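Chain residues, written in single-letter form:
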Amino acid sequence: MQDFWFYIQLGLTHVLDLGAYDHILFLAALAVPFTFKQWKQVVILASIFTIAHCASLAFSVYGIFTVDVGLIEFLIPVTIALTALFNFLRGFKKEHVTGIYFQALATAFFGLIHGFGFSNYFNMLMAEEENKLVPLLGFATGIELSQVTIILLALVIAYVVQNLFKVKQSIFIRVTSILILLVTIPMLIETFPN
């Protein structure tokens, strides 16, 4: 049980690490177009992301599939930028209908990419572990708990801005998406493959 708790903590710190804010940025971009009324949809998307993220770790740990780390380091900010761009363009629609199936598929794909980004470090931790399933489940639990926390925080911020400060949802989506894109651009430049 102690090992399980260690991996839960690892999952929590992996997501909540402000030094590696790409995960937080992606979750913020994911949550931007939603409101508290739609919280279940966002949590489902976060769970899809967690499952895909841990699936790529499992593929790597069990030697099923690996990906070039340099490419993955570039693709992570690409996923953030694409999510923000998608939200920005959708912010011009009068109806804010979320294409949940498209988002679920994109979120799963992005989760795989983000998981491969952490796979080398995770593989080093798992080198001494005989049972790899318990650590994977603990890590997934930590990721899920931290992601739900970030998403709920993003929904609270959206609620405050939109309801207390009376900012229209479409404007909130566009401005927040632009801010996320601006933060992501240096990451894209820094990780661009040579």
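Here, the structure is the one placed above.
Attention here is on the structure that accompanies the text.

Thresholds, definitions, all that
- Residues numbered from 1 in each chain as written.
- Predicted model: local features only at pLDDT ≥ 70, side-chain atom pairs only at ≥ 80, totals over all residues.
- Heavy atoms only, no water.
- Helix = DSSP H or I, 4+ residues; strand = E, 2+ residues; numbered from the N terminus.
- Rg over C-alpha atoms; globule rule 2.2 N^0.38 Å.
- Buried < 20%, exposed > 50% of the residue type's maximum accessible area, 1.4 Å probe, protein only.
- Contact = heavy atoms within 4.5 Å.
- Areas by Shrake-Rupley, 256 points an atom, 1.4 Å probe, with all protein chains shown as cover.
- Lys, Arg positive; Asp, Glu negative; His and termini not counted.
- Charge placed at Lys NZ, Arg CZ, Asp CG, Glu CD.
- Core = buried A, V, L, I, M, F, W, Y, C linked by side-chain atoms within 4.5 Å.
- Phe/Tyr/Trp six-rings, centres within 6.5 Å; stacked < 30°, edge-to-face > 60°.
- Axes fitted to C-alpha atoms, helices over the stretch in contact; angles between N-to-C directions.
- Parallel < 35°, antiparallel > 145°, perpendicular 65-115°, else oblique.
- Left-handed = near helix turned anticlockwise from the far one by under 90°.
- Nonpolar A, V, L, I, M, F, W, Y, C, P; charged D, E, K, R; others polar.
- Expected span 1.5 Å × (residues − 1).

Digging into the overall build of the protein
Across its full length, the protein carries 7 helices and 0 strands. The N-to-C order of helical and strand elements in the protein reads α-α-α-α-α-α-α. The globule rule puts the C-alpha radius of gyration for 194 residues at 16 Å, and the 17 Å found for the protein is close to it. Along the first, second and third principal axes, the C-alpha set of the protein runs to 55 × 40 × 30 Å. Here the protein, with 194 residues, has 44% of them falling under the buried criterion. If you take every contact in the protein between residues at least 6 apart in sequence, the share linking residues at least 24 apart comes to 86%. When the accessible surface of the protein is summed, it comes to about 10500 Å², and 72% of that surface belongs to carbon and sulfur atoms. Across the protein, the centroid of the 9 positively charged side chains sits 29 Å from that of the 11 negatively charged ones.

Describing unusual backbone geometry
Phi is positive for Lys166, close to 55 degrees, though the residue is something other than glycine. Checked against the element boundaries, Lys166 lands in the loop between helix H6 (133-164) and helix H7 (169-191). Note on Lys166: relative accessible area 67%, which makes it exposed.

A word on the nonpolar core
Of all hydrophobic cores here, the largest spans 42 residues; its most connected members are Ile80, Phe122, Phe139, Ile151 and Ile180. Secondary-structure elements contributing two or more residues to this core are helix H1 (2-16), helix H2 (22-31), helix H3 (39-61), helix H4 (69-90), helix H5 (100-126), H6 and H7. Beyond its immediate sequence surroundings of up to four residues, Phe122 is in contact with Tyr7, Leu10, Leu57, Val61, Pro135, Leu136 and Phe139.

Comments concerning the packing of aromatic side chains
In the structure shown here, the tally under the stated rule is 13 aromatic pairs. Relative to Phe122, the ring of Phe118 has its centre 6.3 Å away and its plane inclined at 40 degrees; by these criteria the two rings are tilted. You can see Phe118 and its partner Phe122 sitting in helix H5, 4 residues apart, about one turn around the helix. Residue Phe118 is classed as buried on the basis of its relative accessible area, which comes to 13%. Ring pairing ties together the aromatic residues Phe6, Tyr7, Phe118, Tyr121, Phe122 and Phe139, which thus form one cluster.

As for the packing of H1 against H5
The axes of two packed helices give the description: the angle between them and the distance between them. Between H1 and H5, the least distance of the axes is 13 Å, while the angle of their chain directions is 160 degrees. Judged on the interaxial angle alone, H5 and H1 are roughly antiparallel. With respect to the hand of their crossing, H1 and H5 are arranged in right-handed fashion. Contacts from Tyr7, Leu10 and His14 in H1 reach Phe118, Tyr121, Phe122, Leu125 and Met126 in H5. Tallied by class, residues from the contact of H1 with H5 come to 7 nonpolar, 1 polar and no charged.

Some details on H4
Over its 22 residues, H4 runs 32 Å from end to end, which matches the ideal 32 Å to within 8%, given 1.5 Å per residue. Looking at H4, one finds that the buried residues are Ile72, Phe74, Ile76, Pro77, Thr79, Ile80, Ala81, Thr83, Ala84, Asn87 and Arg90. The elements touched by buried residues of H4 are H2, H5 and H7.

This is a description of form; function is not addressed.
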